[in-house]
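Observations on the three-dimensional arrangement
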Amino acid sequence: MKTVEDIMTASPATCSPDTPLQDVARMMVDNDCGCIPVVETQSARVPVGVITDRDIASRVVAEGRD
């Protein structure tokens, strides 16, 4: 039986809470992924959340933008 460790991304791209959304969207494109872990600081890499492509897209639509 496979485990998460067998298929996980061991060193994912991360962002901090103050990273601009456009930069996060570019990270998703560059890394071919739909979510980026949010870490306290890039050096400590303590997870504090996650941002998804859905989070970004739904905010854009909710604001009436294309």
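Everything below is about the structure printed above this text.
Residues numbered from 1 in each chain as written. Predicted model: local features only at pLDDT ≥ 70, side-chain atom pairs only at ≥ 80, totals over all residues. Heavy atoms only, no water.

**Some remarks on helix α2 (residues 21-30)**
Burial in α2 covers these residues: Val-24, Met-27 and Met-28. End-on view of α2: buried residues confined to an arc of 100°, all on one side of the axis. In α2, the exposed positions that point more than 90 degrees away from the buried face belong to Gln-22, Val-29 and Asp-30. Among the structural elements, β1 (35-39), β2 (47-52) and α3 (53-62) are those in contact with the buried residues of α2. Within two residues after α2, Asp-32 carries a phi angle of roughly 50°, on the positive side. (Buried < 20%, exposed > 50% of the residue type's maximum accessible area, 1.4 Å probe, protein only. Helix = DSSP H or I, 4+ residues; strand = E, 2+ residues; numbered from the N terminus. Arc of directions from axis to C-beta. Contact = heavy atoms within 4.5 Å.)

**Remarks on the side chain of Thr-14**
In this fold, Thr-14 is placed in the loop between α1 (4-7) and α2. A residue is classified by how much of its surface remains accessible, and Thr-14, at 10% relative accessible area, is buried. In terms of polar contacts, Thr-14 uses its side chain to reach the side chain of Arg-45, at 3.4 Å. Beyond its immediate sequence surroundings of up to four residues, Thr-14 is in contact with Met-27, Ile-36, Pro-37, Val-39, Gln-42 and Arg-45. (Polar contact = N/O pair within 3.5 Å; in protein donor to acceptor, adjacent residues only side chain to side chain.)

**A closer look at the nonpolar core**
Grouped together as the largest cluster of nonpolar side chains are 8 residues: Cys-15, Val-24, Met-27, Met-28, Ile-36, Val-38, Ile-51 and Ile-56. Looking at this core, the elements with two or more residues in it are α2 and β1. If you tally residues by element for this core, the top one is α2, at 3 residues. Every residue in contact with Met-28, bar those within four places of it in the chain, is listed here: Cys-33, Gly-34, Cys-35, Ile-36, Ile-51, Thr-52, Asp-53 and Ile-56. (Core = buried A, V, L, I, M, F, W, Y, C linked by side-chain atoms within 4.5 Å.)

**What about the pattern of salt bridges?**
The tally for this structure, following the rule as stated, stands at 1 salt bridge. Between Arg-26 and Asp-30 there is a salt bridge, with its nearest N and O atoms 3.6 Å apart. Here Arg-26 pairs with Asp-30, and both are found in helix α2, just 4 residues apart, close to one helical turn. (Salt bridge = Lys/Arg side-chain N within 4 Å of Asp/Glu carboxyl O.)

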